[in-house]
Amino acid sequence: QVQLVESGGGLVQPGGSLRLSCTASGINFSNYVMGWYRQPPGKQREFVATITPGGNTNYAGSMKGRFTISRDNTKNTVSLQMNSLKPEDTAVYYCYSRGLGRAYWGQGTQVTVSS
């Protein structure tokens, strides 16, 4: 059974930082594309960032320079370092994995950016 478990969400002030982590089980992690999506309140889920098994990264335009995705294939984890957070970054953040023609999602972790 595939499981993606996110952690690290919470409340942060504008300009602050948070680090999200996702631990995967039930997949051959090192062969999967991993990533993050988010769903702001009242909006559709949107792409944040992905990282390939080889470490190539891709970011949504508004996150470039502020967010950094990384992976540790020895620990089956993918992380998202978020800096210079803005109120519009408030959303539920979902861990994502893709491989062998299938995609999986975590349950999500809430990030709230507010003073």
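Each remark here, short or long, concerns the structure printed above.
As the structure is a prediction and not an experimental result, all values here were calculated from the model.

Asks: When you look at the overall build of the protein chain in this model, what are you seeing that I'm missing?
Replies: In terms of regular secondary structure, the protein chain is built from zero helices and 11 strands. Taken along the three principal axes of its C-alpha coordinates, the protein chain extends 40 × 25 × 25 Å. In the protein chain, which comprises 115 residues, the proportion classed as buried is 43%. Long-range contacts, defined as pairs at least 24 residues apart, comprise 52% of the intrachain contacts of the protein chain with a sequence gap of at least 6. Here the protein chain has roughly 6000 Å² of accessible surface; of this, 44% comes from carbon and sulfur atoms. Each charge class in the protein chain was averaged separately, 11 positive and 5 negative side chains, and the resulting centres sit 5 Å apart.

Asks: What's the story with the side chain of threonine 50 in this structure? I'm lost.
Replies: With respect to the helices and strands, threonine 50 occurs in strand 5 (residues 46-51). Given a relative accessible area of 13%, threonine 50 falls into the buried group. Sequence-distant contacts of threonine 50, defined by excluding residues within four places in its chain, comprise Val33, Met34, Gly35, Asn56, Thr57, Asn58 and Ile69.

Asks: What am I meant to see in the sheet that holds strand 3 (residues 18-25) here?
Replies: Sheet strands pair by backbone hydrogen bonding; their relative direction is either parallel or antiparallel. The sheet built from four strands is open, its strands ordered 1-3-8-7 with antiparallel pairing. At either end of the open sheet lies a strand with only one pairing partner, and these are strand 1 (3-7) and strand 7 (67-72). Pairs of neighbouring strands in the sheet enclose a mean axial angle of 15 degrees, with direction left out of account. Of the strand pairs in this sheet, strand 1 and strand 3 are connected by five bridges, and their pairing is antiparallel.

Asks: Quick question: what am I supposed to make of the pattern of salt bridges here?
Replies: Between side chains of opposite charge, a pair can form when the charged atoms approach closely. Under the definition given, this model contains three salt bridges. A salt bridge links glutamate 46 to arginine 38; its shortest N-O distance comes to 2.6 Å. The class for arginine 38 is buried, based on a relative accessible area of 5%. The partner of aspartate 89 in a salt bridge is arginine 66, with the nearest N and O atoms 2.7 Å apart.

Asks: What exactly am I supposed to notice about the pairing of strand 7 here?
Replies: It is a general feature of regular strands that their side chains alternate between the two faces of the sheet. Residues of strand 7 alternate between two faces, with Phe67, Ile69 and Arg71 buried on one and Thr68, Ser70 and Asp72 left unburied on the opposite face. Two elements, strand 7 and strand 8 (residues 77-82), share six bridges in a ladder whose sense is antiparallel. The residue bridging arginine 71 from the neighbouring strand is valine 78, located in strand 8. What sits between strand 7 and strand 8 in their antiparallel hairpin is a turn of four residues, with asparagine 76 showing a positive phi close to 55 degrees.

So, how was this worked out
- The residue numbering used here restarts from 1 in each chain and proceeds along that chain's sequence as written.
- Whole-chain, interface and lining totals are the exception, using all residues; otherwise, since this is a predicted model, local features are given only for residues with pLDDT of at least 70 and side-chain atom pairs are given and counted only at 80 or more.
- Each side-chain value is derived from all of the structure's non-hydrogen atoms; neither hydrogens nor water enter the calculation.
- Starting at the N terminus, helices and strands are each numbered in turn, a helix being any DSSP run of H or I of at least four residues and a strand any DSSP run of E of at least two.
- Any residue under 20% of the maximum accessible area for its type is buried, any over 50% is exposed, and the rest in between are partly exposed; the area is computed with a 1.4 Å probe on protein chains only.
- Note on contacts: a residue pair is in contact if any heavy atoms of the two residues lie within 4.5 Å.
- Accessibility throughout is a Shrake-Rupley quantity obtained with a 1.4 Å probe, and a residue counts as covered only by protein chains that appear here.
- In this tally, Lys and Arg are treated as positive and Asp and Glu as negative; His is ignored, and so are the chain termini.
- The atoms used to mark charge sites are NZ of Lys, CZ of Arg, CG of Asp and CD of Glu.
- Pairing between strands requires that DSSP locate at least two bridges from one strand to the other.
- Axis definition: a line fitted to C-alpha atoms, over the contacting stretch in the case of helices. Angles run 0 to 180 degrees between N-to-C directions.
- Counted as salt bridges are all cases of a side-chain nitrogen of Lys or Arg within 4 Å of a carboxyl oxygen of Asp or Glu.

Function-wise, these values are silent; they only describe arrangement.
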